Amino acid sequence: EHECRHRTFFKERWLNDFFQYVLSFMTFRESVVMRWTHALHHSYTLKTHDPYDFEIQVDRPSKLFHFYMSLVPFGQLLWIHESLFFQTLKCAFNVIPYPVKQTVPDEHLWKLKFNSRIHVLFYFLIIIISILYQTILPILFILLPYYYGNTLLFLTGYTQHAGLAFNVKDHRVNTRTVILNPILSWLYCKMDYHMEHHMFPTVPSYNLKKLNKVIKDQLPKPKKGIFDAYKEIIPTLIKQSKNPH
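Position numbers for residues count from 1 along each chain, tracking the sequence in the order it is written. Two thresholds apply to this predicted model, a pLDDT of at least 70 for residue-level local features and 80 or more for giving and counting side-chain atom pairs, whereas whole-chain, interface and lining totals are computed over all residues. To get the side-chain values, all heavy atoms of the structure are used, and hydrogens and water are removed first.

Right, let's get into the overall build of the protein. For the protein, the count of helices and strands is 15 helices and two strands. By the compact-globule yardstick of 18 Å for 245 residues, the protein fits well, its C-alpha radius of gyration being 18 Å. With the principal axes as the frame, the protein shows a C-alpha extent of 60 × 45 × 40 Å. Every one of the 245 residues in the protein was classed for burial, and the buried ones make up 43%. Contact criterion: two residues are considered in contact whenever any of their non-hydrogen atoms come within 4.5 Å of each other. Residue pairs at least 24 apart in sequence account for 60% of intrachain contacts in the protein once pairs closer than 6 positions are excluded. With the model as given, the accessible surface of the protein reaches about 13700 Å², and the carbon-plus-sulfur share is 67%. Separation between the mean location of the 28 positive side-chain charges and that of the 18 negative ones in the protein comes to 4 Å. Numbering of helices and strands starts at the N terminus; helices are DSSP runs of H or I of at least 4 residues and strands are runs of E of at least 2. Just to be clear, the radius of gyration here is over C-alpha atoms, and the globule rule we use is 2.2 Å times residues to the power 0.38. When accessible area is computed with a 1.4 Å probe and restricted to protein chains, residues below 20% of their type maximum are described as buried, those above 50% as exposed, and intermediate ones as partly exposed. Calculation of accessible area relied on Shrake-Rupley with a 1.4 Å probe; when residues are assessed, cover is drawn exclusively from the protein chains displayed. We count Lys and Arg on the positive side and Asp and Glu on the negative side, and we leave His and both chain ends out. Taken as the charge location is NZ of Lys, CZ of Arg, CG of Asp or CD of Glu.

This is the structure we're talking about:
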């Protein structure tokens, strides 16, 4: 979904947009708002002052319970009222949250509301079909994978920025590259080369490793695997929870 959002996964723009829409539906991320908030995220990574990085929760390091529970299957349901799903639900009913107002241009709001209503309609249809046919399978395979398959998704995802400097423009300081094994790196669309991706967001994921070889002498030494990354992340998050500065 992220690569299609950047329109770098396929050569054809329409294929990127089509699959971003489908995958946005399955990950509860409405495609219009994600495209705009993600552009802000690349420009103002981990920025906690206006303009905010709305994609990364500005107070996430102080929420250690949220951090740990997000790695537990269904843990995120504990704060579903703060989730992107709930944001889509509100947009469908014309209640536009503050982050959306700040990031999505007014001329695109109609598309955001339209997409949100389609998402919500399909979510309810899936639930109704499951009730009518007395089977949990549609819900299990379409709506819930994001919540019970979240451990690996977030373990890799948090390595991107967790425990790094806030309100610093340099992507070498607020973004982390972690060299993963070939299988996990492939599943992760090479986003383990995340520092390189933030510096050059239009470079397709399959070229990020080549890019790393060209500029690695100007970058911090990358972490070697998830465990190496979390040896830095966990102690830093604990410190940041006590002192966000």
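Let us look at a positive patch on the surface. A surface patch of like charges, here positive, comprises Lys-209, Lys-210, Lys-213, Lys-216, Lys-221 and Lys-224. Broken down by element, the positive patch gets its largest block of residues, three residues, from helix α14 (residues 208-215). Along the polypeptide, Lys-224 turns up in strand β2 (residues 223-224). Here, patches come from residues exposed beyond 30% relative accessible area and free of salt bridges, joined within 9 Å for like charges and within 5 Å for nonpolar side chains (Val, Leu, Ile, Met, Phe, Trp, Tyr). We count a salt bridge whenever a side-chain nitrogen from Lys or Arg sits within 4 Å of a carboxyl oxygen from Asp or Glu.

Listing the buried residues of α14 in full gives Leu-208, Leu-211, Asn-212 and Ile-215. Each buried residue of α14 lies within a common arc of 105 degrees when the element is viewed along its axis, so the set occupies one face. Counted as exposed and oriented over 90 degrees from the buried face of α14: Lys-210, Lys-213 and Val-214. Summarising the contacts, the buried residues of α14 are in contact with α13 (194-199). Each C-beta atom gives one direction from the helix axis, and the arc is the one those directions make.

For the purposes of this section, nonpolar cores are sets of buried Ala, Val, Leu, Ile, Met, Phe, Trp, Tyr and Cys residues that join through side-chain atoms within 4.5 Å. Ranked by size, the top nonpolar core spans 30 residues in total, and within it Phe-28, Phe-67, Leu-143, Tyr-158, Leu-180, Tyr-230 and Ile-233 carry the most contacts. Secondary structure elements with two or more residues in this core: α7 (109-132), α8 (137-143), α9 (145-148), α10 (150-158), α14 and α15 (226-242). Among the elements that take part in this core, α15 stands out by supplying five residues, more than any other. Apart from residues no more than four positions distant in its own chain, Leu-180 is found in contact with Thr-156, Ser-185, Tyr-188, Asp-192, Gly-225 and Ile-226. Counting residues in each nonpolar core, the second largest holds nine residues, with Met-34, Ile-96, Leu-109 and Leu-112 among its members.

Any functional reading would require information that these geometric values do not contain.
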